[in-house]
Amino acid sequence: MTTGIDRLSFYTSRYYLPLDVLANQRGVEYEKFRTGLGQERMGVAPPDEDVVTMAANAAEPLLRDGGKDEIELVLFATETGIDQSKAAGLFAHGLLGLPSTCRVVELKEACYGGTAALQLAAAMMAGRPGRKALVLTADIARYDLASPGEPTQGCGAVAMLVSANPRLLAIEPECGLHAEDLMDFWRPNYRDEALVDGRYSTRVYLTTAEKAWADYVARSGRSIDDFARFCYHLPFTNIARKAHERLLKAAGRHPVDPQQVEHAVAEGLAYNRQTGNSYTACLYESLACLLDGCQENLEGRRLGLFSYGSGCMAEFFSGIVQPGYRQVLLTEHHRRLLAERTELKYHEYEDIFNLKVPRDGWNYVFAQYRTGPFRFGGIEGHKRRYERAT
Ligand code: HMG
């Protein structure tokens with residue numbers, strides 16, 4: 001019996017800043033962002049949208065037509081935590097009206113947390129047809145204004161139903177791992193913005209991709225030709241090309257054929273180009289993009305997935321696309337979400353960035369912005385208050 005992703009839904013905030021506007025403001029050539037990094041827009045979360053609302057807004061379309069009673073596990077992966085104690089998943093569990101006979105927990109290891117959640121959920125759902133886990137991945141990427149990381153900011157969430165006999169992607173048991181204690185990107189508890197040694201982080205990402213891939217090859221005996229497409233963790237989309245080149249070189253493909261690289265990765269990049277980094281959700285946003293957009297029928301084909309979390313933890317794993325997968329995709333919904341966002345002016349982006357929510361628990365009510373069905377209404381007596389958007 002197989003286990004894996006039964007359905008998947010992506011969500012991002014209803015606002016974005018075009019990166020030509022940012023480039024102009026920072027006195028940088030737009031081509032650096034567009035071609036050099038592979039980014040065109042960055043998603044900006046308004047004050048009444050956080051990881052809880054984004055995750056619940058991602059999950060809502062999956063649960064609209066029932067099936068809530070089958071869910072007995074909610075794993076919420078994020079590095080934009082909203083509380084040091086209570087799991088963000090419990091807020092989402094309440095908003096979504098999930099059964100009380102359910103395990104709910106939050107996980108963290110930078111961007112890798114989403115993959116840890118998916119693998120744990122798959123292991124716990126193995127051999128249990130009829131039961132489901134809800135994996136929620138959501139993040140808001142923030143760096144200092146005018147820092148090199150700024151154009152890679154973004155936000156997004158992906159919700160996945162994980163079960164036995166999945167309809168989308170059966171996860172294979174083999175995986176390749178690499179863990180190492182290092183400081184390439186981190187966010188101390190007293191900061192809202194991440195600290196990062198940007199170029200070092202990129203080097204580490206690429207070398208750990210090679211190491212995780214080598215471990216996967218050693219464990220599985222497979223070669224690069226056994227895969228139809230590859231999805232990578234995407235802090236910025238160009239990194240997928242660089243990472244795939246490394247895998248091809250490791251497979252002895254010298255010189256690397258750029259068309260082979262494009263064929264392997266290009267169809268998974270369009271959504272992330274428009275949202276920016278969504279940390280834990282990135283890889284699964286790319287997977288949604290590939291499945292939604294790939295013209296070739298991927299039924300029965302193997303996908304390679306590379307997940308990276310700073311600090312660092314990396315995993316290469318694979319899955320087989322299931323027969324009939326197109327029937328359970330939310331392609332039109334995803335495309336509408338991206339097409340119908342509101343463009344921000346530069347000063348509106350900076351106003352949102354600089355808005356300081358009281359840290360002393362003092363009562364606070366947020367102005368209503370555009371969101372999905374759920375919004376973060378405010379804080380009362382140190383308690384976050386979520387509500388349905390009107
Ligand atoms: P930078 O250092 O300012 O940029 O910031 P650069 O000088 O390296 O240029 C970037 C690319 O643009 C280069 O391409 C340039 O040549 C090119 P490359 O040589 O690498 O192929 N370029 C141009 N192209 C066309 N026209 C031009 C032009 N000018 C330059 N005019 C950096 C880049 C990624 C360091 C920065 O954005 C940053 O610090 N980002 C945040 C950290 C990050 O994203 N790291 C990625 C790996 S770590 C990771 O993925 C984990 C993470 O998601 C967090 C987590 O796990 O939780 C971040």
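Residues numbered from 1 in each chain as written. Predicted model: local features only at pLDDT ≥ 70, side-chain atom pairs only at ≥ 80, totals over all residues. Heavy atoms only, no water.

**Student:** Describe the sheet that holds strand E14 (residues 342-343), naming the residues involved and giving the relevant values.
**Tutor:** If you walk across this open sheet you meet the three strands as E3-E2-E14, and the pairing is mixed. The open sheet has two free edges, formed respectively by strand E3 (41-43) and E14, since each of these has just one partner strand. As paired strands, strand E2 (residues 15-18) and E3 are joined by three bridges and run antiparallel to one another. When the bridges of E3 are listed, Pro-18 appears paired with Arg-41. (Pairing = 2+ DSSP bridges. Helix = DSSP H or I, 4+ residues; strand = E, 2+ residues; numbered from the N terminus.)

**Student:** Kindly report on the packing of helix H7 (residues 238-250) against helix H8 (residues 258-265), identifying the contributing residues and their values.
**Tutor:** Helix-helix packing: each pair is described by the crossing angle between the helix axes and the interaxial distance. In the contact formed by H7 and H8, the axes pass within 10 Å of each other and the chain directions differ by 115°. In the crossing of H7 with H8, the sense of the turn from one axis to the other is right-handed. On the side of H7, the interface is formed by Ala-240, Arg-241, His-244, Glu-245 and Leu-248, while H8 contributes Gln-260, Val-261, Glu-262, Ala-264 and Val-265. A per-class count over the contact of H7 with H8 returns five nonpolar, two polar and three charged. (Axes fitted to C-alpha atoms, helices over the stretch in contact; angles between N-to-C directions. Left-handed = near helix turned anticlockwise from the far one by under 90°. Contact = heavy atoms within 4.5 Å. Nonpolar A, V, L, I, M, F, W, Y, C, P; charged D, E, K, R; others polar.)

**Student:** Provide a residue-level description of the side chain of Gln-322, including the pertinent values.
**Tutor:** Note on placement: Gln-322 falls in the loop between strand E13 (313-321) and helix H11 (331-339). The exposure class assigned to Gln-322 is buried, which follows from its relative accessible area of 15%. A distance of 2.8 Å separates a polar side-chain atom of Gln-322 from the backbone oxygen of Ile-320. (Buried < 20%, exposed > 50% of the residue type's maximum accessible area, 1.4 Å probe, protein only. Polar contact = N/O pair within 3.5 Å; in protein donor to acceptor, adjacent residues only side chain to side chain.)

**Student:** How would you summarise the sheet that holds strand E17 (residues 383-388) if you had to cite specific residues and measurements?
**Tutor:** Read from one edge to the other, the open sheet built from three strands follows the order E15-E16-E17, with strand pairing classed as antiparallel. Single-partner strands in this sheet number two, and they are strand E15 (364-365) and E17. Summarising the sheet, strand E16 (residues 374-380) and E17 pair through six bridges and their orientation is antiparallel. Across the sheet, Phe-376 pairs through a bridge with Tyr-386, a residue of E17. The strands that helix H3 (residues 51-63) touches are E16 and E17; relative to E16, the one it contacts most, it runs at about 150°. Contacts from helix H4 (residues 88-96) reach E16 and E17, with the element oriented near 30° to E17.

**Student:** An account of the nonpolar core is requested, with residue identities and associated values reported.
**Tutor:** Met-160, Leu-287, Leu-291, Leu-298 and Leu-303 are the most contacted members of the largest nonpolar core, which has 45 residues in total. Residue contributions to this core peak at seven residues, all from helix H10 (residues 282-293). When near neighbours in sequence (up to four residues on either side) are disregarded, Leu-291 contacts Leu-168, Leu-298, Leu-303, Val-321, Tyr-325 and Leu-329. The next biggest cluster of nonpolar side chains, apart from the first, holds 44 residues, and it includes Leu-206, Ala-209, Cys-282 and Ile-352. (Core = buried A, V, L, I, M, F, W, Y, C linked by side-chain atoms within 4.5 Å.)

**Student:** I'd like to hear about the environment of Met-42, residue by residue, with values.
**Tutor:** If you trace the backbone, Met-42 turns up in strand E3. Every residue in contact with Met-42, bar those within four places of it in the chain, is listed here: Tyr-15, Tyr-16, Leu-17, Leu-19, Leu-22, Glu-150, Pro-151, Gln-153, Gln-274, Thr-275, Gly-276 and Tyr-349.

**Student:** Residue-level account of unusual backbone geometry, with values.
**Tutor:** Trans peptide bonds make up most of the peptide bonds, and negative phi angles are found at most residues other than glycine. Between His-254 and the following residue, Pro-255, the backbone shows a cis peptide bond with an omega angle of -15°. Along the polypeptide, Pro-255 turns up in the loop between H7 and H8. Cis geometry marks the peptide bond from Gly-311 to Cys-312; its omega dihedral reads 0°. Mapped onto the fold, Cys-312 is located in the loop between strand E12 (302-309) and E13. Of note, Ala-110 is a non-glycine position whose phi angle comes to about 45°, a positive value.

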